[in-house]
Amino acid sequence: MAVVSPHFLNSPLPLLPSSSSLCLLSSSNLPSARPQNFAPSLSSSSPASSPMDNTPRKFMDFPFVTAPHRNLMIDLVSTVENRLQSQLKPCTLPSDVQYYYNQSGTSQGSLHIRSAIALPRTFAKLSIITVDFILGSWLHCELPTGGALNITSLSAYLNASTDAPNFLIELIQSSPTSLVLILDLPPRKDLVLYPEYLQTFYENTRLDSLRQTLEKLPEVRPYYSAALYIRCVTSPTSIMIRVNTEGAEPGRMEEIVKDHVDPVAKEAIAIWLDQCACGKRNVEEAEKAYLEKRDGLIKNKTIEIDLGSSFPRLFGPDIANRILGVIREVYNG
């Protein structure tokens, strides 16, 4: 999937118990960015609380979320990078892409991308490198209705030397008592045409038990994305839930993230690393072409549907073009 949880930027997420009245960053509620005078670089960065404060934000800071949420994201990113370190280049994004914001400080975000190292053709044929790139992000947006939307995400994409699933986790918090979790190993092959694929990656790994564990909590309900496209590219074991702790004791959301979401997410990333990123798969040349085409379609469709319209409203055209240009380059690289 995409950076900054694009399918939530334009789809309704209920913030109130009774309705879906607030559409996250939709055209009716999205704070518009000023079209000029954007800060050009990290040297004049501004947190939301004070546009003139020259405090740089880093990806691994995850500055606007609770400690359990932050610790989970740091642990997941560190686990992936440590395990796949030999396959990844350092992050070389420009400073004004690694951290970006609008002039008023109401919207700011961070982007982190590490692409796979390039091997000589002789070694490339050995399929030593299975990773295409990993992409992490956080997004903070103050809402006109009060409060803020905070999104953290980590995606890991594999290349065509393997047909194993990718990895995605996104946590979307729209209030202290409302959290949406998306956790999935999105398939890269048709599960009807390839039942072995379904059995290998989804049945034998017992991924569905992770979803069942979370859904036993009384505060948890299924979440259904308004974007049908998102629903059709997720796996049958995807975790798409909404956690609502309104009326509960203070700290209940943090408790759920620490004691329930954290271990489930870490088990899922361990399965992905062992069975997908580091697993052995034989992919014929003809199938590689199919995988490259399918992967490319999904990546570019994500930008077309969501990011292309939401980012200019959040950050203005100059910053939006800068960030989206980098993402497109990586997606199509």
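Residues numbered from 1 in each chain as written. Predicted model: local features only at pLDDT ≥ 70, side-chain atom pairs only at ≥ 80, totals over all residues. Heavy atoms only, no water.

(A) Structural context of helix α6 (residues 208–215). All of the buried residues along α6 are Leu210, Arg211 and Leu214. Around the axis of α6, the buried residues are gathered within 100° of arc, so they sit on the same side. Summarising the contacts, the buried residues of α6 are in contact with β6 (178–184), β7 (220–222), β8 (239–244) and α8 (252–277). (Buried < 20%, exposed > 50% of the residue type's maximum accessible area, 1.4 Å probe, protein only. Helix = DSSP H or I, 4+ residues; strand = E, 2+ residues; numbered from the N terminus. Arc of directions from axis to C-beta. Contact = heavy atoms within 4.5 Å.)

(B) Highlighting the pairing of strand β3 (residues 131–142). Taking burial as the measure, the 12 residues of β3 include 10 buried ones, the bulk of the element. Here 9 bridges tie strand β2 (residues 107–115) to β3, and the two strands are oriented antiparallel to one another. What sits directly across from Ile113, in β3, is Leu135. Here β3 runs beside strand β4 (residues 148–158); their pairing, made up of 11 bridges, is antiparallel. Looking at the pairing, Cys141 lines up with Leu149 of β4. Here β3 hands over to β4 after 5 residues, with Gly146 in that stretch at a positive phi of 105°. (Pairing = 2+ DSSP bridges.)

(C) Spotlight on the pattern of salt bridges. All told, the structure shown has 16 salt bridges when counted by the stated rule. For Asp295, the salt bridge is made with Arg188, and the minimal N-O distance between the two is 2.7 Å. One end of the pair, Asp295, is in helix α9 (residues 285–315); the other, Arg188, is in the loop between β6 and α5 (195–203), with 107 residues separating them in the sequence. Arg188 gets classed as buried once you look at its relative accessible area, which sits at 1%. (Salt bridge = Lys/Arg side-chain N within 4 Å of Asp/Glu carboxyl O.)

(D) Spatial organisation of empty space enclosed by the protein. Taken as a whole and assessed by the stated rule, the structure comprises 3 cavities of 30 Å³ or more. The volume enclosed by the second largest cavity comes to roughly 60 Å³. What lines the second largest cavity is simply Leu183, Asp184, Leu185, Leu207, Leu210, Thr237, Ser238, Ile239 and Ala268. Class assignment for the residues of the lining of the second largest cavity results in 6 nonpolar, 2 polar and 1 charged. (1 Å grid on protein atoms, 1.4 Å probe; cavity = no way out; pocket = protein on both sides within 12 Å on 5 of 7 lines; lining within 4 Å. Points joined across faces, edges and corners; volume = space filled by probe spheres on them. Nonpolar A, V, L, I, M, F, W, Y, C, P; charged D, E, K, R; others polar.)

(E) A look at the side chain of Asp295. Taking the relative accessible area as the measure of exposure, Asp295 reaches 10% and is therefore buried. Asp295 has contacts with Leu158 and Arg188, leaving out every residue within four places of it along the chain.

(F) Here's a closer look at the confidence of the model for the chain. For the chain, per-residue confidence averages 83 on the pLDDT scale, and 80% of positions sit at 70 or higher. In this model, residues 1–31 is a region of pLDDT below 50 whose contacts with residues beyond four sequence positions or in other chains number 116 contacts. Scored below 50 in pLDDT, residues 33–52 shows 57 contacts in the model against residues more than four places distant or in partner chains. (pLDDT = per-residue confidence, 0-100.)

(G) Inspection of the packing of α6 against α8 at higher detail. Relative orientation of the contacting elements α6 and α8 amounts to 175°, with a least axis distance of 10 Å. Relative to α8, the element α6 lies roughly antiparallel. Note on element contacts: α8 touches α6 through His260, Val261, Val264, Glu267 and Ala268, opposite Leu210, Thr213 and Leu214. Taken together, the residues that form the contact of α6 with α8 break down as 5 nonpolar, 2 polar and 1 charged. (Axes fitted to C-alpha atoms, helices over the stretch in contact; angles between N-to-C directions. Parallel < 35°, antiparallel > 145°, perpendicular 65-115°, else oblique.)

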